[in-house]
Amino acid sequence: MTPVDESFLLGLGVHRIPTPVPFMEAGGPANAYAIEDLGGGFTLFDCACGTDEGQAALRQGLASRGLEVKRLNRIIVSHGHVDHYGNAQTLSEESGCDVFVHPHDLEKICGEGRWYRQLENSWPYFVRLGVPDATLHAMLDGAKKNRPYARSVERQRVKHLTDGELLQFKLFDARVLHLPGHTPGLVCLHVEARRMLFADDHVLAKVSPNPLLDLSLGDGDDTKFKALVSYYQSAQRVKAMALDCVLPGHGEAFKGHVELLEGLFSFY
């Protein structure tokens, strides 16, 4: 993998803002990307963890680039994990902007689908798997610690993202790609003309994207979400792309995604 000089991103009106995450499993600070819009203002692709430290880093990063929250036009949530959508409700309240998310991750950002809720609702499933009761309670205690990291987003603020829809920005257009695996509703933005992919947690340079057990969709063998199978299929789509720049959810932009994914497939 080869790092991509961030001057390339700035030339396209893309500002990467690293923000702290209070748990090591994330693989380091989470990126929020401020993308300059047609007609002025900007879009946020992800908006950091909702801790005091995460919000402060995001606001400071925006201010240092001359970007005012009141000129925020929309928030695009790549997927429903707290380090990527944690400030969506707060920033939407301040700016009046809409929050865009794929329907399959809607419940994660609006409340009932958050991990601790999923664990409570799926308790009998884990019992059938033989998970000890003490372990389940420890899992639930850990999951509930994430509650302060993100405010639930009010449903009236949310609009749905559709696979294949085209989003316009100041200096490029980007295609929404639904690439489930890490979560059922994860999306990336493909800028084909610039051979660039906003990859969030679908492609990461230093850690596995962790296709996580997720019981939020379906309850039968034919309908339940199969994370690893889905991730493998989605990642094969990305491997086939001609890309010179991958913008991950954690870490710096890089190129060399084919070799990276081939190694990941071997690992899986």
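See the structure above.
Heads up: these notes are all about the structure in this document. (Residues numbered from 1 in each chain as written. Predicted model: local features only at pLDDT ≥ 70, side-chain atom pairs only at ≥ 80, totals over all residues. Heavy atoms only, no water.)

**Quick notes on the overall build of the chain**
Item 1. Each helix and strand in the chain was counted, giving 10 helices and 13 strands.
Item 2. Against the compact-globule benchmark of 18 Å for 268 residues, the chain has a radius of gyration of 18 Å, which places it among compact chains.
Item 3. A principal-axis box enclosing the C-alpha atoms of the chain has dimensions of 55 × 40 × 30 Å.
Item 4. Sorting the 268 residues of the chain into buried and exposed places 52% on the buried side.
Item 5. For the chain, the accessible surface area stands at approximately 12,300 Å², while carbon and sulfur atoms represent 51% of it.
Item 6. Distance between charge centroids for the chain: 2 Å, based on 27 positive and 34 negative side chains. (Helix = DSSP H or I, 4+ residues; strand = E, 2+ residues; numbered from the N terminus. Rg over C-alpha atoms; globule rule 2.2 N^0.38 Å. Buried < 20%, exposed > 50% of the residue type's maximum accessible area, 1.4 Å probe, protein only. Areas by Shrake-Rupley, 256 points an atom, 1.4 Å probe, with all protein chains shown as cover. Lys, Arg positive; Asp, Glu negative; His and termini not counted. Charge placed at Lys NZ, Arg CZ, Asp CG, Glu CD.)

**Observations concerning the sheet that holds strand 2 (residues 14-19)**
Item 1. On the basis of which strands lie adjacent, the open sheet formed by 6 strands has the order 2-3-4-5-6-7 and mixed pairing. In the strand order of this sheet, the two ends are held by strand 2 and strand 7 (158-160), each with one partner. Neighbour-to-neighbour, the strand axes of this sheet turn through a mean angle of 25°, independent of strand direction.
Item 2. Docked against the sheet, helix 2 (residues 52-64) engages strand 2, strand 3 (30-36) and strand 4 (42-45), running at close to 155° with respect to strand 2.
Item 3. Strand contacts of helix 4 (residues 88-95): strand 4, strand 5 (72-76) and strand 6 (98-101), with the helix running at about 160° to strand 5, the strand carrying the most contacts. (Pairing = 2+ DSSP bridges. Axes fitted to C-alpha atoms, helices over the stretch in contact; angles between N-to-C directions. Contact = heavy atoms within 4.5 Å.)

**Some details on the environment of P211**
Item 1. In this structure, P211 sits in the loop between strand 11 (196-200) and helix 9 (227-239).
Item 2. In sequence terms P211 and A174 are 37 residues apart; their C-alpha atoms lie 25 Å from each other.
Item 3. Not counting residues up to four positions away in its chain, the partners in contact with P211 are G181, H182, A227, L228, Y231 and Y268.

**A closer look at the packing of aromatic side chains**
Item 1. Inspection of every chain in the model, using the stated rule, returns 9 aromatic pairs.
Item 2. When the centroid spacing of 5.6 Å and the interplanar angle of 85° are considered together, the rings of Y33 and F198 count as edge-to-face. With a gap of 165 residues between them, Y33 in strand 3 and F198 in strand 11 connect regions that are remote in the sequence.
Item 3. Take Y33: its relative accessible area is 1%, and that puts it in the buried class.
Item 4. By relative accessible area, which is 0% here, F198 ends up buried. (Phe/Tyr/Trp six-rings, centres within 6.5 Å; stacked < 30°, edge-to-face > 60°.)

**So, helix 2**
Item 1. For helix 2, with 13 residues, the first-to-last C-alpha span of 18 Å sits near the 18 Å given by 1.5 Å per residue.
Item 2. Listing the buried residues of helix 2 in full gives G54, A57, L58, G61 and L62. Looking straight down helix 2, one finds its buried side chains confined to an arc of 130°; they lie on one side. In helix 2, those exposed residues whose orientation departs by more than 90 degrees from the buried face are D52, E53, Q60, A63 and S64.
Item 3. Elements in contact with the buried residues of helix 2: strand 2, strand 3, strand 4 and helix 4. (Expected span 1.5 Å × (residues − 1). Arc of directions from axis to C-beta.)

**Observations concerning the side chain of D83**
Item 1. By secondary structure assignment, the location of D83 is in helix 3 (residues 82-85).
Item 2. For D83, the side chain forms a polar contact with the side chain of H250, separated by 3.4 Å.
Item 3. When neighbours within four sequence positions are excluded, D83 is seen to be in contact with V21, F23, A26, A30, A48, C49 and H250. (Polar contact = N/O pair within 3.5 Å; in protein donor to acceptor, adjacent residues only side chain to side chain.)

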